[in-house]
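Now for the letters of each chain:
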Amino acid sequence: MFEPAKTTYQLNDGNQMPVLGFGTYQLTKPALMNQSIKAAYESGYRLFDTAQYYRNEKMLGDAIRNLGVPRQDVFIVDKVTEMNQGHDLTIDSTNFSLQQLGTDYVDLLLVHWPIADKFFETWEAFEELKKQGKARSIGVSNFTRSQLELLKTQADEMPVVNQIETHPYLNQAPLIKFDKDQSIVTQAWSPLGRGLVLDNPMIQKMAAHHEKSPAQIVLRWDIQRGVAVIPKSQMPARIAQNADLNFELSDDEMSMLDVMNRNQRTGNEPELVYELGKQYKQFKK
Ligand code: A2P
C-alpha cells in the first residue's frame, strides 16, 4: 500500500527521503503558498522543494510553521543558485536561506545547475555545510553523467540525489541507470512535463482503465521505476490526487510508458548550460 508520508528511498548517506514531494516553483503569493502547503501536508506530502532562485523560501518557511508540526516531520529541499556558487558565496547564501526558511538545517541541499568555473569549490562548500549539520544530505540538480564523473575525481563524498527533468517524453533512462549504479537517487522535476504529457492518448487510456487521472499514471510510473517525484499544482484537489497513488501499473503498461521518449525538454539542456554559461541569461532579477 502506498502511503506518501511513510514511503521513502534510502539515501547513500544513511538518511531517508520521501518518494513524493511538493514542488513550489512559481508559488510566490503567501496565501496560495499557505493553502498549497496545507493541502499537501494533509494529503500526506512531507517533502517540500524550494530554491534560492524561486524567491519563496521565507514564504515556504512561514507556511510550514503555520502547519504547527515538529520540524523533523517535514523534509525541506533547497538549491543554491548559479550566482551564489563558489565557496564563500555558497556558504553565505545557504546561511541566508536557512534564516529565510526559519530553520537551522535543510534536509537536502542541491547545486541547482552545474557551472564550469565554480564546479569543485561549490561542492567543497557543500561538503562543509554537511559537516556543520546545516544540510543533512547534499546533492545536485541537472547534472549529466559526465558532470557526475568529473565531480567524482575530486569529491570526498558524492551527491546522494540528482534532481533532473524527467517525464515520459524525456525518460532519461541512461542517466537514471547511471545514478542508480552510483547509489544516487534520481528525483524528477516537472514529472508531468509541465502538463504536456497529460494529453497523450495512451496515457489517457491507461488512466481510464485504472479509473485514475493521467497525472496519477505518470507519477506511479516514476515510483515504480525507482524515481522520486515533486509534482507542482496550485489546485488543492490536484495536490491531493497526485498523492493518491495506491495502485499498480502492469509490466506492459510500464513498457508502454518507457517507449514514449522523444528527448523533449521543457527546460534547459544541462550540457549546454555547463558549456556555454547560458544559465546566467536565464536568471531574472
Ligand atoms: P495546476 O497548477 O493548474 O494544477 P510539472 O510538475 O510537471 O511541472 O507540472 C505542473 C503542471 O501540471 C501545472 O501546470 C499544473 O497545473 C498541472 N498539473 C499538476 N497536477 C495535475 C493533475 N493532477 N491534473 C492535471 N494537471 C495537473
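Residues numbered from 1 in each chain as written. Predicted model: local features only at pLDDT ≥ 70, side-chain atom pairs only at ≥ 80, totals over all residues. Heavy atoms only, no water.

A. Highlighting the overall build of the protein chain. Assigned secondary structure in the protein chain consists of twelve helices and ten strands. At 18 Å, the protein chain has a C-alpha radius of gyration in line with the 19 Å of a compact globule built from 285 residues. The C-alpha extent of the protein chain, read off along each of the three principal axes, is 55 × 40 × 35 Å. Per-residue burial over the protein chain gives 54% buried out of 285 residues. Look at the contacts in the protein chain between residues 6 or more apart in sequence, and 75% of them connect residues 24 or more apart. As displayed, the protein chain has an accessible area near 12800 Å², and 50% of this comes from carbon and sulfur atoms. Side-chain charges of the protein chain comprise 31 positive and 36 negative groups, with the mean position of each set lying 5 Å from the other. (Helix = DSSP H or I, 4+ residues; strand = E, 2+ residues; numbered from the N terminus. Rg over C-alpha atoms; globule rule 2.2 N^0.38 Å. Buried < 20%, exposed > 50% of the residue type's maximum accessible area, 1.4 Å probe, protein only. Contact = heavy atoms within 4.5 Å. Areas by Shrake-Rupley, 256 points an atom, 1.4 Å probe, with all protein chains shown as cover. Lys, Arg positive; Asp, Glu negative; His and termini not counted. Charge placed at Lys NZ, Arg CZ, Asp CG, Glu CD.)

B. A look at the site of the ligand. Neighbouring residues of the ligand: 16 residues in total, closest Leu-192, Lys-232, Ser-233, Arg-238 and Gln-241. In the environment of the ligand, an oxygen atom lies 2.8 Å from a nitrogen or oxygen atom belonging to the side chain of Ser-190. Arg-238 places a side-chain nitrogen or oxygen 2.8 Å from an oxygen atom of the ligand. For the ligand, the protein covers 79% of the area, taking 570 Å² as the surface of the free molecule. Classifying every residue of the shell around the ligand by side-chain character gives six nonpolar, seven polar and three charged. (Near = heavy atom within 4 Å. Polar contact = N/O pair within 3.5 Å; in protein donor to acceptor, adjacent residues only side chain to side chain. Nonpolar A, V, L, I, M, F, W, Y, C, P; charged D, E, K, R; others polar.)

C. The arrangement of unusual backbone geometry in detail. Phi at Arg-55 takes a positive value of approximately 55 degrees, unusual for a residue other than glycine. Position of Arg-55 among the secondary structure elements: in the loop between β4 (47-49) and α2 (57-67). Unlike most non-glycine residues, Glu-211 shows phi in positive territory, near 55 degrees. Within the secondary structure layout, Glu-211 lies in the loop between α7 (201-210) and α8 (214-224).

D. Local environment of the packing of α8 against helix α10 (residues 251-258). Following both chains from N to C, one finds α8 and α10 inclined at 100 degrees, their axes separated by 11 Å at the closest point. When the axes of α8 and α10 are compared, the pair comes out roughly perpendicular. Within the contact between the two elements, α8 uses Ile-217, Trp-221 and Gln-224 and α10 uses Met-254, Leu-257 and Asp-258. For the contact of α8 with α10, the per-class residue count stands at four nonpolar, one polar and one charged. (Axes fitted to C-alpha atoms, helices over the stretch in contact; angles between N-to-C directions. Parallel < 35°, antiparallel > 145°, perpendicular 65-115°, else oblique.)

E. Fine view of the packing of aromatic side chains. Scanning the model with the defined rule gives five aromatic pairs in all. Each ring, one from Tyr-25 and one from Tyr-54, has its centre 4.9 Å from the other, and the planes form 40 degrees; the classification is tilted. Of this pair, Tyr-25 sits in the loop between β3 (21-23) and α1 (30-42) while Tyr-54 sits in the loop between β4 and α2, placing them 29 residues apart in sequence. On the accessibility criterion, Tyr-54 (12% relative accessible area) is buried. Centre to centre, the rings of Trp-123 and Phe-126 are 5.5 Å apart; their planes meet at 20 degrees, and the pair counts as stacked. Here Phe-126 and Trp-123 lie together in helix α4 (residues 119-131), a separation of three residues that amounts to about one turn. By relative accessible area, Trp-123 is classed as buried at 3%. Grouping aromatic residues by their ring pairs yields a cluster made of Phe-119, Phe-120 and Phe-143. Sitting over the face of the ring of Trp-221, Arg-225 holds its NZ or CZ atom 3.8 Å from the ring centroid. The ring of Tyr-169 has Arg-262 lying over it, and the distance from NZ or CZ to the ring centre is 3.7 Å. (Phe/Tyr/Trp six-rings, centres within 6.5 Å; stacked < 30°, edge-to-face > 60°. Lys NZ or Arg CZ within 6 Å of the ring centre and 35° of its normal.)

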